[in-house]
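Here is what each chain is made of, one letter per residue.
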Amino acid sequence: MSTLRAWLTDPSPTSRRQARLGQSYLAWLRIRRNRLAMAGLVIVGLLLLVAAFAPLIAPHDPLVQDLSRRLLPPGTPGNLLGTDDFGRDILSRILYGARITLYIIALVAVTAPVLGLLIGTVAGYFGGWVDAVLMRITDIFLAFPRLILALALVAVLGPGIGNAVLAIALTAWPPYARIARAETLTVRNSDYIAAVRLQGAGAGRIIWGHIVPMCLPSVIIRVTLDMAGVILIAAGLGFLGLGVQPPMPEWGLMISSGRKFLFEQWWVATMPGLAIFLVSLGFNLLGDGLRDVLDPRSAGK
Amino acid sequence: MSLLEVQNLRVTFDTETGPVQAVRGVSFSLGRERLGIVGESGSGKTMTGRSVLRLIRPPGRIAADRMVFDGQDLMRASERDMRALRGKRIGMVMQDPKYSLNPVMTVGEQLTEGLRRRDRIRGAEARAKAVAALEAVQIRDPDRVMAAYPHELSGGMGQRVMIAMMLIPEPDLLIADEPTSALDVTVQAEVLSILDALVRDRGMGLIFISHDLRLVGRFCDRVLVMFKGRVVEELEARRLTEARHPYTRGLLNCLPRIGGPREPLPGLDRSGDWAKEGAA
Amino acid sequence: MGLIEIENLSVTFRAKGREVRAVEGVSLTVGERESYGLVGESGSGKSTILRAICGMAPVTGGQIRIGGEALRMPRGPGFSRRVQMVFQDPYASLHPRHTIDRTLSEPLAIHRIGGSDAKVVKALTDVGLPASFRFRYPHQLSGGQRQRVAIARALMLEPSILLLDEPTSALDASVQAEVLNLLTRLREERGLTFLMVSHDLAVIDHMCDRVLVMQHGRAVEELARDDLAAARMTTAYARSLFEASADRMLDPAKAP
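Residues numbered from 1 in each chain as written. Chains lettered and ligands numbered in written order. Predicted model: local features only at pLDDT ≥ 70, side-chain atom pairs only at ≥ 80, totals over all residues.

**Details of the sheet that holds strand β7 (residues 161-165) of chain C**
All names here are of chain C.
So, point 1. Pairing in this open sheet of six strands is mixed, and the strands run β6-β7-β8-β3-β9-β10 from one edge to the other. A single partner strand is all that each edge strand has here, and the edge strands are β6 (83-86) and β10 (218-224). Averaged over all pairs of adjacent strands, the angle between their axes in this sheet comes to 20°, without regard to strand direction.
So, point 2. Bridge count for strand β3 (residues 35-39) against strand β9 (residues 210-215) is four bridges, and the pairing is parallel. (Pairing = 2+ DSSP bridges. Helix = DSSP H or I, 4+ residues; strand = E, 2+ residues; numbered from the N terminus. Axes fitted to C-alpha atoms, helices over the stretch in contact; angles between N-to-C directions.)

The structure is reproduced here in structure tokens:
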């Protein structure tokens, strides 16, 4: 353990890999000191574990209906969080729902920021009319209320989990483009960009190898903070019946179906609501912590 | 009697890797004279200057056996007392006027702010004082400068405004941290002559912090040479060329000179005992 | 014939409808293996000339020739292998998220030159840095070490011309001496041609054979090294600049 530590903190690494791992280790040390960020990390880690092992943890099949056991309150033996109007175990549905939530988050996280980064850095680097055209397109997307735009897209493409993800991704990229462009503008005229340009590097190499790494931290922070919003929009689409289709155990959809008996059987809507709350909170805490760790302005020493 | 007396000043920063000492036991006393503090980056010269105003933020800590300004114990003074001292009796001029002036206020507003707030001096009178201060630093059209925003001023002009601002409350001690490093040589000469006149005419004490040994030697009365948080040599400025300490000698010799030989410049030899961590 | 020939160069920046003439009608010639200095105060346009050579400033008039050939826009890969630049601030000129290795091997990758491992190690030792620094990040180096890396980077493509933009003004005096000695040594070893900008007459005098004094974007006076040391300048501005640097003069008592 201590030799590994010494290897990671060696001031003169002997390989690229060691240098990179050493930097990651320092970042880990920084985030470990931030308690709230660690709490967020634990929640997000739990979400990952639950999603991975849902079939092992879940006491029941999330789709099997048992009409003799409908709307049982939390604490009933065998149904810890109660059952819904079809007699399905709410705990099992929430655990399986973590998979769908994670699936949506993962897909959005790999599409929207990449698109935003690409558009933002290209606009910022080239400037002029390229910038004007790309940023006006961004403005147009930003001008629509996100949920309404997502609704319109799903209405055209048809409901379903894939289309919901597509709709969310298409509405989520403009803020990333804005951030990436702002960062690019501050980096573009720096001496290290001038130096690599003087070495004959093309625009592609400069943007990908030199500008994107500088934009990445702020985009990652924003992505983490946005994840709560993505979960909520996915839940909103599910709630409106335009996202994931029944009988899939999606959290927003579960809230929607529980709404009918909100006053008599409150747990049907509240339990998935708590799950959404907890995961959103986790991502927000993690995002705040990452801001402290990754912010290029604080990463000096 | 000396204006400022500092004995065994230490500034320590608590970092993840343990405490780091930026200033390790610096002692000096200052009368109504020009004291130069010279050193390279990391020598603790700036920290020494800031400690006098107790302007070290945590995780930094200041400790001293004695730090007395005009009969007042600075180590025991409350934060409230320190606020009353700062600006009013001890002024400070920083290196770059760009970061020390508020970009969204005109120069006039910034100059009169202290007068209006602290001394409750009203409009016309405050303005007259501000104009007088600008004239004292050789600004020819003070009315235009009063109405200007900091970004509309050149570097030399901005630095003069900073000095004027520090002079309005007529401090007894001015701490100037690299006040001319961002300026061109010709402008630098003007700013220095302004500072010089102020020390002579008003009997102000001046601590002049700089990395430029030649400049300090020409401008100050006495020089402290700092290295790694310690004063390695203290000497009369005009005897700078007779400096004994190898570090001071090294600093003097490593500079290229107009008309000097083309051979390699002598590097600074840091292998001596004096450069080791524990050296006294 | 000079290696670098600048003829009647003008650079005009346009910002928000205002025109700023940074350089106006400057001509100079730098011979092969010569070291030529540009000196002046801030805003004199000396750094702009270097940027104009690199194609990073809007040239509005005149011509720049390297080796008799007029430069074209964009500069192209051949230019990169002939002319490189060292910047003023070593804290701003190295990419903060790239290791030294990446910074030094990048020019080789751009020009598809092989054998980068050996070349990076050699470049580090050439500028007096231990090979163990190879995988460090810039924030793990001091200012002087960073400037050495920047010099190593500029020499990776084995250019014949090095443009030096105040290469030591951000460094401590003792580190400045080391970097100046390094530059002198590299120039001798590789037969480089220097075009160096500085505000410090003593640095220029130490490094350069000829000096062009600039003010407000115009050339004021060209001086050979001997004329500078003997104060044989003809214009008032060059003289005032010289006199403001009086403390940088060689102490007559210690002259060899």
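**Some words on the arrangement of the chains**
So, point 1. By contact count, the leading pair among the two pairs of chains in contact is chains B and C.
So, point 2. Nothing in chain A touches chain B, and the closest approach of their C-alpha atoms is 10 Å. (Contact = placed C-beta atoms within 7 Å.)

**Brief notes about the interface of chain C and chain B**
So, point 1. Listed by partner, the interface residues are 26 residues for chain C and 24 residues for chain B.
So, point 2. Elements supplying a minimum of two residues to the side of chain C that touches chain B: α6 (173-190), α7 (201-207), α8 (225-229) and α9 (236-244) of chain C.
So, point 3. Broken down by element, the residue count for the side of chain C that touches chain B peaks at seven residues, all from α6 of chain C.
So, point 4. Looking at the side of chain C that touches chain B residue by residue, the class counts come to twelve nonpolar, eight polar and six charged. (Nonpolar A, V, L, I, M, F, W, Y, C, P; charged D, E, K, R; others polar.)

**A word on the confidence of the model for chain C**
All names here are of chain C.
So, point 1. Here chain C averages 88 in pLDDT, while 95% of its residues score no lower than 70.
So, point 2. Here residues 252-256 is modelled with pLDDT under 50, and outside its nearest four sequence neighbours on either side it reaches two contacts, counting other chains as well.
So, point 3. Both confidence scores are given for the complex: pTM 0.85, ipTM 0.89. (pLDDT = per-residue confidence, 0-100.)

**Re the interface of chain C and chain A**
So, point 1. Between chain C and chain A, the residue contacts involve 28 residues of the former and 25 residues of the latter.
So, point 2. Contributing elements (two or more residues each) for the side of chain C that touches chain A: α2 (76-80), β6 and α3 (100-110) of chain C.
So, point 3. The dominant element in the side of chain C that touches chain A, judged by the number of residues it contributes, is α3 of chain C, at four residues.
So, point 4. Classifying every residue of the side of chain C that touches chain A gives 13 nonpolar, nine polar and six charged.

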